[in-house]
Amino acid sequence: MLEDFFGDKKYFLRTIFFILMGDLICSFAVVKFLVPAGLLSGGLGGIGLMIEYLTGLPTGISVFILNLPMMIVGAFFLKKKFMTYAFLSTFIYSFILVAMRHIPINFKLDNNMLYAIFGGFINGFGMGILFKHGACQGGLDILATIFKTKLNVNIGSSLMAINAIIIGVASYIFSLERGLLTIVSMYVAYKMLDKIQMGFGDTKEIMIITSKQREVTDRILSDLHRGVTLLHGEGAFTHKQQNVVYCIVSTRQVVTIKRILDEVDPSAFLIISEAYEVKGRGFKVQEI
């Protein structure tokens, strides 16, 4: 019965560890970078910061209160395990937000843009850890998930629309400068979140169309010791049958790939793209 809410012991311990780590990092970013510059963040955290700036009520308390109705609504629509960890993360995040204020670590930066950039970077890193390991901070993430599961509305679009309203209201109440700096901070945060979720592009996906596929393949196998797959291809205009050389290499090995083509077939058609996550023989999945 408890596994319906928490999963097995290994899953519970692993998820709690990453919730603690992610919420600690996010709290550090909010309290030590965003608040000193009077900036906001997305979701209920942004609303909580507005309440603090206007009333003095600590963000951690208001975030927890604002999350309660979201938790009640989410309990009717979303899975038990997801909501259990969302509630735990919300409670932990709110507690750490309050406790973080008593840690005597402060940064004196020359301008608010630096607060926005570094605050967004750190906040995005923390959010990335949470999302990568199946957790969140509750709030609007729950609402967006409901929209996705029940109405098939894209989560990113939902959060973007709601956050746009929050930033618009904040810009009107406080100042346009605060609103614009908050947008910068959120942009950096979401870019960092994507990088943590998807990886930093340490591997590349290679596709080569060449008339000398056997020579190219042999060189990749001997010089790079990487596996190669031949994909069946056909020219749409010429209807000529020709295999496409496909392989995954590390970023450092791209130079060798280019050198091989320069030596074997300078006229070969080469495509290089990011392989954000690769799992299999010869590659390790990056974990935070």
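Further up the page is the structure itself.
Residues numbered from 1 in each chain as written. Predicted model: local features only at pLDDT ≥ 70, side-chain atom pairs only at ≥ 80, totals over all residues. Heavy atoms only, no water.

Enquirer: I would appreciate a short explanation of the pattern of salt bridges in the present structure.
Expert: Once their charged atoms are close, side chains differing in charge can pair, the charge on each being opposite to the other. Counting across every chain of the model gives five salt bridges. The partner of Arg101 in a salt bridge is Glu52, with the nearest N and O atoms 2.5 Å apart. Here the residue Arg101 occupies a position in the loop between α5 (80-100) and α6 (112-132), and Glu52 occupies one in helix α3 (residues 43-55), the gap between them amounting to 49 residues. A relative accessible area of 35% means that Arg101 is categorised as partly exposed. We classify Glu52 as buried; its relative accessible area is 13%. Linking Arg219 and Asp223 is a salt bridge whose minimum nitrogen-to-oxygen distance equals 3.0 Å. Of this pair, Arg219 and Asp223 both sit in helix α10 (residues 213-224), separated by four residues, roughly a single helical turn. Look at Arg219 and you get partly exposed, because its relative accessible area is 22%. Its relative accessible area of 33% is what places Asp223 among the partly exposed residues. Through salt bridges with shared partners, a single network forms among Arg219, Asp223, Arg259 and Glu263. (Salt bridge = Lys/Arg side-chain N within 4 Å of Asp/Glu carboxyl O. Helix = DSSP H or I, 4+ residues; strand = E, 2+ residues; numbered from the N terminus. Buried < 20%, exposed > 50% of the residue type's maximum accessible area, 1.4 Å probe, protein only.)

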